[in-house]
Amino acid sequence: MDNNLTPYQTGFLARTFAAHALTYRSLSVARQGIVLSGNEIHTIPFLQIVPGIAIERGYFWDALAIHLEDGQIIRFGGISKKKAGSLQVELNQQTRNYIKGFYQTIIPDLRQASQQAQALFHGQRYIRQPAAMQWLKNHEHLRDGICRSDISHYLSREECQLIELVRPFLEKGYDHIAKINDSYVRSQLRTYRDYFDRIESNPLTDRQRKACVTDEQHNLVLAGAGTGKTSTMVGRAGYLLKSGLAAPGQILMLAYANKAAREMEERIQARLGISTLTVKTFHSLGKQIITEVEGAVPAIDKMAEDEALRARFVDDRIRQFLLDQRYKSRLVNYFTRFTYPYKSQFAFKTEGAYHAYILENEIRTLQGELVKSYEECEIANFLYRQGIIYEYEANYQVNTAGPDFKAYQPDFYLPEYGLYIEHFAVNEKNETPSFIDRQKYLEGMAWKRALHKTHKTRLIETFSYQKHQGMLTEALRTQLLAVGVRFRPVPDDQLLSRLREFGEVSRFSELIAKVLALFKAAFLSIKDLSSLAHQHEDKERMLAAVLLFEPVYQAYQQHLHDNGTIDFDDMIGKAISYVESGRYRSPYRHVLVDEFQDISASRARLVKALLAQHADNSLFCVGDDWQAIYRFTGSDVSITRDFEKHFGFTATSVLDKTFRFNNKIGEVASRFVCQNPAQIKKQIKSHRQVDGPAVSLIKTGTESVGLNAALASISQKQPEGASVLILARFHFRQPELSGLKRQYPQLNLQFMTVHASKGREADYVIVLGLEHGKQGFPSEKATHALLELLLPEAEDYQHAEERRLFYVALTRARHHVYLIADGNKASSFVRELVDDKYAILTDEFQGDGFQKQLADMLCERCQTGYMVARKNQYGIFYGCNQYPLCSHTQKGCPKCGSALITKGRSRVCQNRDCEVAEPVCPKCGGNMILRKGKYGQFWGCANYRPHAGFSCNHTEQAVNSGTKVGLPDQDYIT
């Protein structure tokens, strides 16, 4: 549009005295609107202006009133009376000309938008978000024009009708499309009501039906345990066929296991009467794709279907490689230096965190001892490699034990030489790790040195800072040689023989077999793996493992080549390559995936490749992120959690009604799994409603007692035909079932690991092994860092997958769950259920063989273990359940034997019926006892040992502990 309006400037007097002249000082016309300038610049689009612009008269100056479509009025004042009229006429003309030109320009776009809208939005089908958003993006420039109230002055009647057709879409955007979709879904539900009533043995729920008819391009159905995942898959497939949205040959249904695929296929045939619909596992799909491209069925290697066979192959190859001196040397080097990940004690803030590191890695020496630090392990292994006989933590030759203190046990003793070795956890500045009391530790060092000096025993000292400097074993070597210790290095063959006895070589073979499986699934090269190892913080250890893995991998690949076979990972990899390159043309436009939470990156990539071949594709995935328990095989739960990020806009449905477990099991299980904030929040409702708790905790130190108690309770509740699933985290926990079946013939008993129980259900569930530790539940076993390099990224939340595994265990039961735990070493999961007051029964089983409560007194030293009752020659005492890593002990109450709890300057008996309170020494933390001297009674530290060297001589005439001190009668020491 030609713009020839000369900008208008207000004069000085007008700007000073005229109304509406303070904000803007000049007016001009730009291509798309009127520009007002002053303290700020404001552009008024012509499309927002309601013609015409009015004049508001004043005494000396006039003002232009610009009325907008939204009712707002913008005034430009200080216009001379001579100029106001012509300025008004010109601006109105400019506005009309622009609007007229705008509508003449958009008519072709309007017609196109209308035609596309009729095709996209007015057919009898679900409107998919990608197409809708593309239409809105293409035509959003029409939005301003169609909002004018005088639009009929510029367009014909036909063109106005086109405007009315597209107006709600342009004005309300995707919200309007969502309403149309809601209406369409309701219509489909009415149309196919009879179908959904009869497709399964029980009518589908409202949410199942809605999930089936929602036809977004990407659909995720989050289905809680027992909510009917398979029924929804079958219902969706049948709906696609019944509604004419798909032909049988266009549908692909994917499952993970052959059994699940067969079950779906049988239900499709039985319910729909269709045998031409494709139901496959990912592996069988890969096989089909390869067969079509290559023209021959690929030969699957036997090891692909037999993990034990592959593990045996790896073990055999490693044994063969040990005939090669270089490989043997590398393996020996690995066992002596890199079996465990090294972390300095100085890297930990608490003793409990340090103990967790030791326990989860179960750091053992080449002789098999469980040691208290990595550095002690390195010393022990050095001694063993040099043929030096040693004893770990043997009692010192002089007995220093007593009622209040343990015998001194130096770290190492060399019996051939009468030589002791102490390893001290101090740095160059004599500083200890932050969780160790430096003063007490240094006093202990001084006491040990003095003790050896007094008894004329030889002592060699090593220090943590020597490990940090990389010279620990070299410093030890120098000292040993200086005192005449002879080195008789153990040959590699002898060492390997010893390691075989302990099962270490077999465990290493198992590790390499796992690495092989994950490495193949990740489609990496050895160069890629080496690069990842180089980037790892424990680079030297990772590279040592890669060097040992490489020849095994090459031997495995050579085996496949020589036999003309492939494994399952090759099948997936080849299939991806053929689909992505277009060599395979997929007939499938609708892909349905069961148990989607178990998807791996490679399988997700195959699904994406299939979908990419057809623009009108759809993906329908059913899964439950609460039951994602297979990360160790490569499954990545983040693909489910971040589904939209991986696939695009997603319609998410939630199946929230379970037909398996009752509401009380559901309350406990749901609350427990949702402690991890990363889990997708769902409210699972139970079809079965009960009033009382349906989870029982049986506290006993003898698992068989708990198991029999649970089975007896079940027999009383449901004496005939009840199914009972006995679950444990590890298979070695399996009880002797034959005896139990004879004892409870009316019950249908079965044992499974929790992983194997996925997808199963029973009337009752009993969970064993709920203790802390490497073989507990949750398992606190560390995953080898080389495996971690190949696995999906670990979650931040502690025990995230183990928590989901416990959820799976709980939700296998229809009626009741029994949890059996030793109260003295109960797992963190059991403690959470008790401490956070979950709705469970904790006192249902009492009497002989059962424990009253969980050990609940935290260890004062490590702050992670709990004090449990033990007995020695001096009576009852309490020790940390993290022993031997934490050796902290406390005396039991001298009157009743209960635990003593530290409160200020006293240790008070935990038994409320007992009034004993013992004062605490402020110097060393020992007990203060009442003694008699030549000047009368006084309080002295129980750690006073006049002939032991290391002694606490603190005394007080009166103890002011803030607590009533009540002690039983005792002998006084003079």
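Everything numeric in this text was worked out from a predicted model, so none of it was measured.

Draft legend 1. Expanded view of the pairing of strand S32 (residues 936-941). Here strand S31 (residues 928-933) pairs with S32 via 6 bridges, running antiparallel. Opposite Leu930, over in S32, you have Trp939 as the bridge partner. Linking S31 to S32, which pair antiparallel, is a turn of 2 residues. With 2 bridges joining them, S32 and strand S33 (residues 955-956) adopt antiparallel strand pairing. Counted as the bridge partner of Trp939 is Glu956 from S33.

Draft legend 2. Main features of empty space enclosed by the protein. If you walk through the whole model with that rule in mind, you get 2 cavities of 30 Å³ or more. Of the volumes computed, that of the largest cavity is approximately 70 Å³. Considering the residues around the largest cavity, the lining is formed by Phe335, Thr336, Arg337, Phe338, Thr339, Tyr340, Tyr374, Cys377, Glu378 and Asn381. When residues of the lining of the largest cavity are assigned to their parent elements, the largest contribution, 4 residues, is made by helix H15 (residues 374-385).

Draft legend 3. The packing of aromatic side chains, seen in detail. Counted by the stated rule, this structure contains 48 aromatic pairs. Between Tyr354 and Tyr357, the ring centres sit 6.0 Å apart and the planes meet at 45°, which makes this aromatic pair tilted. Placement of the pair is Tyr354 and Tyr357 together in helix H14 (residues 351-361), with a separation of 3 residues, close to one helical turn. Residue Tyr354 is classed as buried on the basis of its relative accessible area of 3%. Every member of this aromatic cluster is reached through a ring pair, and the members are Tyr396, Tyr408, Tyr413, Tyr420 and Trp447. Over the ring of Tyr838 we find Arg671; its NZ or CZ atom is 3.9 Å from the centre of that ring.

Draft legend 4. View of the environment of Tyr420. Within the secondary structure, Tyr420 sits in strand S13 (residues 419-424). Residue Tyr420 is classed as buried on the basis of its relative accessible area of 2%. Beyond its immediate chain neighbours, meaning those up to four positions away, Tyr420 contacts Tyr396, Gln397, Pro410, Phe412, Tyr413, His452, Thr457, Arg458, Leu459 and Ile460.

Draft legend 5. Spotlight on the confidence of the model for the chain. Taken over all residues, the pLDDT of the chain has a mean of 89, while the share at 70 or more is 96%. For the chain, helix H4 (residues 143-146) is the element with the lowest average pLDDT, namely 76, and strand S15 (residues 590-593) is the one with the highest, namely 98. Long-range and interchain partners of residues 962-974, a stretch whose pLDDT sits below 50, account for 28 contacts in this model, where long-range means more than four residues apart.

Draft legend 6. Quick look at the pattern of salt bridges. Going through the model one piece at a time under the given rule, you end up with 49 salt bridges. The residue Lys574 makes a salt bridge to Glu294 at a minimum N-O spacing of 3.0 Å. Note that Lys574 is positioned in helix H23 (residues 568-581) and Glu294 in helix H11 (residues 282-294), a separation of 280 residues in sequence. The class for Glu294 is partly exposed, based on a relative accessible area of 37%. Note that Lys774 is salt-bridged to Glu362, the shortest N-O span being 3.6 Å. Highlighted residues: Lys774 in the loop between strand S23 (762-767) and helix H30 (785-790) and Glu362 in the loop between H14 and H15, separated in sequence by 412 residues. Owing to a relative accessible area of 26%, Glu362 belongs among the partly exposed residues under this scheme. Here the salt bridges do not stand alone but share partners, grouping Glu200, Glu263, Arg267 and Arg271 into one network.

Draft legend 7. Molecular detail of the packing of helix H13 (residues 325-337) against helix H22 (residues 539-563). For the pair H13 and H22, interaxial distance at closest approach is 10 Å and the crossing angle is 145°. Here the hand of the crossing between H13 and H22 comes out left-handed. Across from Tyr327, Arg330, Leu331, Tyr334 and Arg337 in H13, the residues of H22 making contact are Glu540, Arg541, Ala544, Ala545, Leu547, Leu548, Pro551 and Val552. Grouping the amino acids of the contact of H13 with H22 by side-chain chemistry returns 9 nonpolar, no polar and 4 charged.

Draft legend 8. Quick peek at the side chain of Arg812. Relative to the helices and strands, Arg812 is located in the loop between helix H31 (800-810) and strand S24 (813-821). For Arg812, which is buried and forms no salt bridge, the nearest opposite charge comes from Glu761, at a distance of 6.7 Å. Of note is the side chain of Arg812, whose polar atom sits 3.1 Å from the side chain of Gln627. Apart from the residues lying within four places of it in its own chain, the contact partners of Arg812 are Ala225, Gln627, Arg660, Leu725, Leu727, Ser757, Lys758, Gly759, Arg760, Glu761, Ala762 and Val765.

Draft legend 9. Representation of the sheet that holds S31 in the model. What the 3 strands build is an open sheet, ordered S31-S32-S33; its pairing is antiparallel. Whereas interior strands pair on both sides, the edge strands pair on one side only; in this sheet they are S31 and S33.

Draft legend 10. Region of interest: the nonpolar core. Membership of the largest hydrophobic core comes to 73 residues, with the highest contact counts inside it found for Tyr334, Leu383, Leu414, Leu480, Phe508 and Phe549. Examining the composition of this core, we find that 11 residues originate from one element, H22, more than from any other. Those residues within four positions of Phe508 in sequence are excluded, and the remaining contacts are Ile318, Tyr327, Leu331, Tyr334, Phe335 and Leu548. The next biggest cluster of nonpolar side chains, apart from the first, holds 46 residues, and it includes Leu47, Ile66, Leu155 and Cys160.

Draft legend 11. Region of interest: H11. For H11, spanning 13 residues, the distance from its first C-alpha to its last is 18 Å, which sits close to the expected 18 Å at 1.5 Å a residue. Within the span of H11, buried status applies to Phe282, Leu285, Gly286, Gln288, Ile289, Ile290 and Val293. Its buried side turned inward, H11 meets strand S9 (251-255), strand S10 (278-281), H23, S15 and helix H24 (601-612). Downstream of H11 by one or two residues, Gly295 has phi in the positive range, about 80°.

Draft legend 12. Spotlight on helix H28 (residues 703-717). The first and last C-alpha atoms of H28 sit 21 Å apart over 15 residues, in line with the 21 Å expected at 1.5 Å per residue. Among the residues of H28, those classed as buried are Gly706, Leu707, Ala709, Ala710, Leu711, Ser713, Ile714 and Ser715. Elements that come into contact with the buried residues of H28 comprise strand S20 (695-699), strand S21 (723-728), helix H29 (737-743), strand S22 (748-753), S23 and S24.

Draft legend 13. Quick look at the packing of helix H27 (residues 663-673) against H31. Two elements in contact, H27 and H31, have axes separated by 9 Å at closest approach and are oriented at 175°. Looking at the two axes, H27 sits roughly antiparallel to H31. Touching Ile665, Val668, Ala669, Ser670, Phe672 and Val673 of H27 are Arg803, Arg804, Phe806, Tyr807 and Leu810, all from H31.

Each value, and the rule that gives it
Residues numbered from 1 in each chain as written. Predicted model: local features only at pLDDT ≥ 70, side-chain atom pairs only at ≥ 80, totals over all residues. Heavy atoms only, no water. Pairing = 2+ DSSP bridges. Helix = DSSP H or I, 4+ residues; strand = E, 2+ residues; numbered from the N terminus. 1 Å grid on protein atoms, 1.4 Å probe; cavity = no way out; pocket = protein on both sides within 12 Å on 5 of 7 lines; lining within 4 Å. Points joined across faces, edges and corners; volume = space filled by probe spheres on them. Phe/Tyr/Trp six-rings, centres within 6.5 Å; stacked < 30°, edge-to-face > 60°. Buried < 20%, exposed > 50% of the residue type's maximum accessible area, 1.4 Å probe, protein only. Lys NZ or Arg CZ within 6 Å of the ring centre and 35° of its normal. Contact = heavy atoms within 4.5 Å. pLDDT = per-residue confidence, 0-100. Salt bridge = Lys/Arg side-chain N within 4 Å of Asp/Glu carboxyl O. Axes fitted to C-alpha atoms, helices over the stretch in contact; angles between N-to-C directions. Left-handed = near helix turned anticlockwise from the far one by under 90°. Nonpolar A, V, L, I, M, F, W, Y, C, P; charged D, E, K, R; others polar. Lys, Arg positive; Asp, Glu negative; His and termini not counted. Polar contact = N/O pair within 3.5 Å; in protein donor to acceptor, adjacent residues only side chain to side chain. Core = buried A, V, L, I, M, F, W, Y, C linked by side-chain atoms within 4.5 Å. Expected span 1.5 Å × (residues − 1). Parallel < 35°, antiparallel > 145°, perpendicular 65-115°, else oblique.

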